[in-house]
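# Residue-level structural notes
Now for the letters of each chain:
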Amino acid sequence: TPFGTPSEFSEQELATIASRAFQQGREFISLAQPLHRRKIPLILVSHSPPYQTKLDRLHSGKHVGSKAIRSAIEKHQPALCITGHIHESKGEDRIINTPIYNPGMLKRGGWLTIQLDHSQIKASLQ
């Protein structure tokens, strides 16, 4: 994003981190799934929102999200993505089959309720 906060990563760093995270997640699922006998959904929690969505817009309308995070979602299609960072972009969107939520600021009453029922995820903004 254009804010330059100390904890922000470059797009290349985000791509590398996301790739490793999805690889580790899939390895964990492949080990754990036989024990549970149900599909274990993969969830991406990313501070940076994916680029060119309803969740990465500043008040000016400019998109400031991460292209690397968007690419990771398109490639890996997690069951759910939870994001933040752009407080004024509270809402929900979708990339392919992945629902994406930005709950907004907690101090303004923003949070996300997630229900997991037989490997199916249901999420709703509060």
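Let me sum up the structure you'll find in this document. (Residues numbered from 1 in each chain as written. Predicted model: local features only at pLDDT ≥ 70, side-chain atom pairs only at ≥ 80, totals over all residues. Heavy atoms only, no water.)

Judged by pairing direction, the sheet is mixed, and its 4 strands sit side by side in the order S1-S2-S4-S3 without closing on themselves. Two strands in the sheet have a free side with no partner beyond their single neighbour: strand S1 (43-46) and strand S3 (91-95). Neighbour-to-neighbour, the strand axes of the sheet open up by a mean angle of 20°, direction not taken into account. (Pairing = 2+ DSSP bridges. Helix = DSSP H or I, 4+ residues; strand = E, 2+ residues; numbered from the N terminus. Axes fitted to C-alpha atoms, helices over the stretch in contact; angles between N-to-C directions.)

With that settled, the discussion passes to the pairing of strand S5 (residues 112-117). Pairing geometry for S5 and strand S6 (residues 120-125), over 6 bridges, is antiparallel. If you follow Leu116 over to S6, its bridge partner there is Ile121. What sits between S5 and S6 in their antiparallel hairpin is a turn of 2 residues, with His118 showing a positive phi close to 50°.

Along the chain, the position of His63 falls in the loop between S1 and helix H2 (67-76). Here His63 falls in the buried class, since its relative accessible area comes to 17%. Of the polar contacts made by the side chain of His63, one reaches the backbone oxygen of Thr53; its length is 3.4 Å. Excluding anything up to four places from it in sequence, His63 contacts Tyr51, Gln52, Thr53, Asp56 and Arg57. (Buried < 20%, exposed > 50% of the residue type's maximum accessible area, 1.4 Å probe, protein only. Polar contact = N/O pair within 3.5 Å; in protein donor to acceptor, adjacent residues only side chain to side chain. Contact = heavy atoms within 4.5 Å.)

The next subject is the pairing of strand S4 (residues 98-102). Regular strands place their side chains on alternate faces of the sheet. Counting buried positions over the 5 residues of S4 gives 5, a clear majority of the element. One ladder, built from 2 bridges, connects strand S2 (residues 80-83) with S4; its direction is parallel. Across the sheet, Ile82 pairs through a bridge with Tyr101, a residue of S4. For S3 and S4, the ladder comprises 5 bridges, and the chain directions are antiparallel. Residue pairing in the sheet places Gly91 in a bridge with Asn102 of S4. Two successive antiparallel strands, S3 and S4, enclose a turn made up of 2 residues, where Ile96 displays a positive phi of approximately 55°.

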